[in-house]
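So you can see what is in the structure, the chains are spelled out below.
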Amino acid sequence: MIRFYYHPTPNPQKISMMLEASGLPYEVLPVDTRKGQQHDPAFRAINPNGKVPAIVDTDGSGGKEVRVFDSNAILLYLAEKSGKFLGKPEDRGEFLSWLMFIATGLGPFSGQAVHFQHVAPEGSDYGVNRYRNEIARHYQVLEDHMEGRDFIVGDEMTIVDISAWGWIDKAPFVHKNPDVWDKYPNIKRWFDAINRLPAAVSAREVGKDHTFKTEMDEDAKRAMFPSNYA
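In this report, we go over the structure that sits alongside the text. Remember, it's a predicted structure, so these values are computed and weren't measured experimentally.

## Examining the packing of aromatic side chains
Going through the model one piece at a time under the given rule, you end up with nine aromatic pairs. Summarising the aromatic geometry, the rings of tyrosine 6 and phenylalanine 212 are spaced 6.1 Å apart at their centres and angled 65° between planes, so their arrangement reads as edge-to-face. Taken together, the residues span a long stretch of sequence, with tyrosine 6 in strand E1 (residues 2–6) and phenylalanine 212 in the loop between helix H9 (198–203) and helix H10 (218–224) at a distance of 206 residues. For the pair tyrosine 6 and phenylalanine 212, a shared accessibility class is recorded, and that class is buried. Each ring, one from phenylalanine 109 and one from tyrosine 131, has its centre 5.8 Å from the other, and the planes form 40°; the classification is tilted.

Structure representation (structure tokens):
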């Protein structure tokens, strides 16, 4: 059994899709980040960085519990455990390169673009310009790569596609532009195909039986951005 620590945001959504696609048994354990539950000692014992997603595999190596945190580390762990979505050996270099492109580039820059455009106080012009332009640059790199391709790596879906899907699902919000898809037709074509898969559809239902806090009030900001309140 995989214990899946979840909040309805892009990085956990990747894991929802992976668990649905792989068929691994799992249970969802909600972590309400706007209430600060990611800072509870019990959760910090699983992820000392205080972020979701995280998992605990109750049947890890040697039958022992294994914790894994960071969405892309979790994807890689679950792919190896299930033997699915790892791509072909001959594509390994491309697989690792594009997975890290998402893990260290497209994902984090998406998060910062959201923060500075939707959360940061007015007057953060440098941050807005920096991250808006960087996420546009990352999208263009992927847009060029996807010309004539159905998948980011190889000729079948891998965790690279799942990882990218989680954040690209929020593209209009990330770019603060409802028409952003007009700029990236190759990404849009790829995204629509991935988004129609049964695992993507069912992933969107994960956690809907739990009510999460939606207000971004002062308490939520202190919970989500504690370093701003040192």
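## Structural notes on the packing of helix H6 (residues 159–168) against helix H8 (residues 185–195)
For the pair H6 and H8, the least separation of the axes is 11 Å and the interaxial angle reads 105°. On the basis of their axis angle, the class for H6 and H8 is roughly perpendicular. Residues Asp161, Ala164, Trp165 and Ile168 of H6 touch H8, and the partners they reach there are Ile187, Trp190, Phe191, Ile194 and Asn195. Counted by class, the contact of H6 with H8 contains seven nonpolar, one polar and one charged residues.

## A closer look at the nonpolar core
Ranked by size, the top nonpolar core spans 53 residues in total, and within it Met17, Leu78, Ile152, Ile168 and Trp190 carry the most contacts. Here this core gets nine residues from one element, more than from any other, and that element is helix H4 (residues 92–119). Discounting residues that sit within four places of it in the chain, tryptophan 190 has contacts with Met146, Asp150, Phe151, Ile152, Asp161, Ala164, Trp165 and Ile168. Membership of the second largest hydrophobic core comes to seven residues, among which are Tyr5, Val31, Ile46 and Ala54.

## Focus: H4
Helix length check: H4, at 28 residues, gives a terminal C-alpha distance of 38 Å against a target of 40 Å (1.5 Å per residue), a fit within 8%. Remark: the principal bend of H4, roughly 40°, maps to isoleucine 102.

## Re the environment of leucine 197
Inspection of the secondary structure puts leucine 197 in the loop between H8 and H9. Distance in space between the C-alpha atoms of leucine 197 and methionine 17 is 9.7 Å, their sequence separation being 180 residues. Once you skip the residues sitting within four places of it in the chain, leucine 197 turns out to touch Met17 and Met157.

## Let's talk about H6
Of all 10 residues in H6, 10 are buried; the element is thus mostly enclosed. Of the residues making up H6, those classed as buried are Ile159, Val160, Asp161, Ile162, Ser163, Ala164, Trp165, Gly166, Trp167 and Ile168.

## Some words on the environment of aspartate 217
Examined against the element boundaries, aspartate 217 turns out to sit in the loop between H9 and H10. One polar contact links aspartate 217 to lysine 213, side chain to side chain, over a distance of 3.0 Å.

## Here's the deal with the packing of helix H1 (residues 10–22) against helix H3 (residues 71–82)
Relative orientation of the contacting elements H1 and H3 amounts to 5°, with a least axis distance of 9 Å. With respect to each other, H1 and H3 are oriented roughly parallel. Across the interface between the two elements, Asn11, Lys14, Ile15, Met18, Leu19 and Ser22 of H1 pack against Ser71, Asn72, Ile74, Leu75, Leu78, Ala79 and Ser82 of H3. Partitioned by chemical class, the residues of the contact of H1 with H3 number seven nonpolar, five polar and one charged.

Definitions and cut-offs
- Residues numbered from 1 in each chain as written.
- Predicted model: local features only at pLDDT ≥ 70, side-chain atom pairs only at ≥ 80, totals over all residues.
- Heavy atoms only, no water.
- Phe/Tyr/Trp six-rings, centres within 6.5 Å; stacked < 30°, edge-to-face > 60°.
- Helix = DSSP H or I, 4+ residues; strand = E, 2+ residues; numbered from the N terminus.
- Buried < 20%, exposed > 50% of the residue type's maximum accessible area, 1.4 Å probe, protein only.
- Axes fitted to C-alpha atoms, helices over the stretch in contact; angles between N-to-C directions.
- Parallel < 35°, antiparallel > 145°, perpendicular 65-115°, else oblique.
- Contact = heavy atoms within 4.5 Å.
- Nonpolar A, V, L, I, M, F, W, Y, C, P; charged D, E, K, R; others polar.
- Core = buried A, V, L, I, M, F, W, Y, C linked by side-chain atoms within 4.5 Å.
- Expected span 1.5 Å × (residues − 1).
- Bend = angle between axes of the 7 residues up to and from the residue.
- Polar contact = N/O pair within 3.5 Å; in protein donor to acceptor, adjacent residues only side chain to side chain.

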